[in-house]
Amino acid sequence: MSEPLRCRIPATATVQADDATMRVTRWDFPPGAETGWHRHGWAYLVVPVTDGTMTLEEPGGATRKASIAAGVSYTRAPGVEHNVVNTGEAAFSFVEIEFKAHPG
């Protein structure tokens, strides 16, 4: 994928746990921060720590806004590809839990 050069600051990713079944990462986004383009290889759960509004840049040039509310979780299937950007004026944070394996 060829993307235009951007001059945004990176969001801060702090890995809190990482084992054979899952990885837990806290993401902190000051205004203007982004994750960078990435594709999720595993299903994941997001637990917002704060309220916020993010802009999702998607393949093909589409963008959309998504609001998060502290404590209101959501899940996504593997394969999601995007760049998460804080285009607002307030910082926001969430915890992302990626499910590497599903023993049963």
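Preceding this section is the structure that the text describes.
Residues numbered from 1 in each chain as written. Predicted model: local features only at pLDDT ≥ 70, side-chain atom pairs only at ≥ 80, totals over all residues. Heavy atoms only, no water.

So, on to the pattern of salt bridges. Going through the model one piece at a time under the given rule, you end up with six salt bridges. Among the salt bridges present, the one from glutamate 58 reaches arginine 64, with a minimum N-O distance of 2.6 Å. The partly exposed category is assigned to glutamate 58, whose relative accessible area is 22%. One salt-bridge network, in which partners are shared between bridges, spans Arg8, Glu34 and Glu57. (Salt bridge = Lys/Arg side-chain N within 4 Å of Asp/Glu carboxyl O. Buried < 20%, exposed > 50% of the residue type's maximum accessible area, 1.4 Å probe, protein only.)

Below, the discussion takes up the environment of leucine 56. With respect to the secondary-structure elements, leucine 56 resides in strand S5 (residues 52-57). Separated by 15 residues in sequence, leucine 56 and glycine 71 have C-alpha atoms that sit 20 Å apart. Every residue in contact with leucine 56, bar those within four places of it in the chain, is listed here: Ala62, Thr63, Arg64, Ala66, His82, Asn83 and Val84. (Helix = DSSP H or I, 4+ residues; strand = E, 2+ residues; numbered from the N terminus. Contact = heavy atoms within 4.5 Å.)

Pairs of aromatic rings are described using the distance from one ring centre to the other and the angle between the two planes. Under the definition given, this model contains four aromatic pairs. Ring centres of phenylalanine 29 and phenylalanine 94 lie 5.5 Å apart, and the angle between their planes is 35°; on these two criteria the pair is classed as tilted. Of this pair, phenylalanine 29 sits in strand S2 (residues 22-29) while phenylalanine 94 sits in strand S9 (residues 92-99); the two residues are 65 residues apart in sequence, bridging distant segments of the chain. What makes phenylalanine 29 buried here is its relative accessible area of 1%. Among the residues examined, phenylalanine 94 registers a relative accessible area of 4% and is labelled buried. Ring plane angle 20° and centroid distance 6.5 Å describe the contact between phenylalanine 92 and phenylalanine 94, whose orientation is recorded as stacked. Each member of the pair, phenylalanine 92 as well as phenylalanine 94, carries the same accessibility label: buried. Taken together through their ring pairs, the aromatic side chains of Trp27, Phe29, Phe92 and Phe94 make up a single cluster. (Phe/Tyr/Trp six-rings, centres within 6.5 Å; stacked < 30°, edge-to-face > 60°.)

For the rest of this paragraph, the subject is the nonpolar core. Across soluble globular proteins, nonpolar side chains have a tendency to be buried as a group. The biggest cluster of nonpolar side chains holds 13 residues, and the ones touching the most others in it are Phe29, Met54, Phe92 and Phe94. For this core, the elements supplying multiple residues, two or more each, are S2, strand S4 (43-48), S5, strand S6 (63-68) and S9. (Core = buried A, V, L, I, M, F, W, Y, C linked by side-chain atoms within 4.5 Å.)

Once that is clear, we can look at the sheet that holds S4. Spatially, five strands are ordered S1-S2-S9-S4-S7 in an open sheet, and the strand pairing comes out antiparallel. Looking at which strands have only one partner, the edges of the open sheet turn out to be strand S1 (12-18) and strand S7 (74-76). Each strand of the sheet is rotated relative to its neighbour by a mean of 20°, with strand direction disregarded. With three bridges joining them, S4 and S7 adopt antiparallel strand pairing. What sits directly across from tyrosine 44, in S7, is arginine 76. (Pairing = 2+ DSSP bridges. Axes fitted to C-alpha atoms, helices over the stretch in contact; angles between N-to-C directions.)

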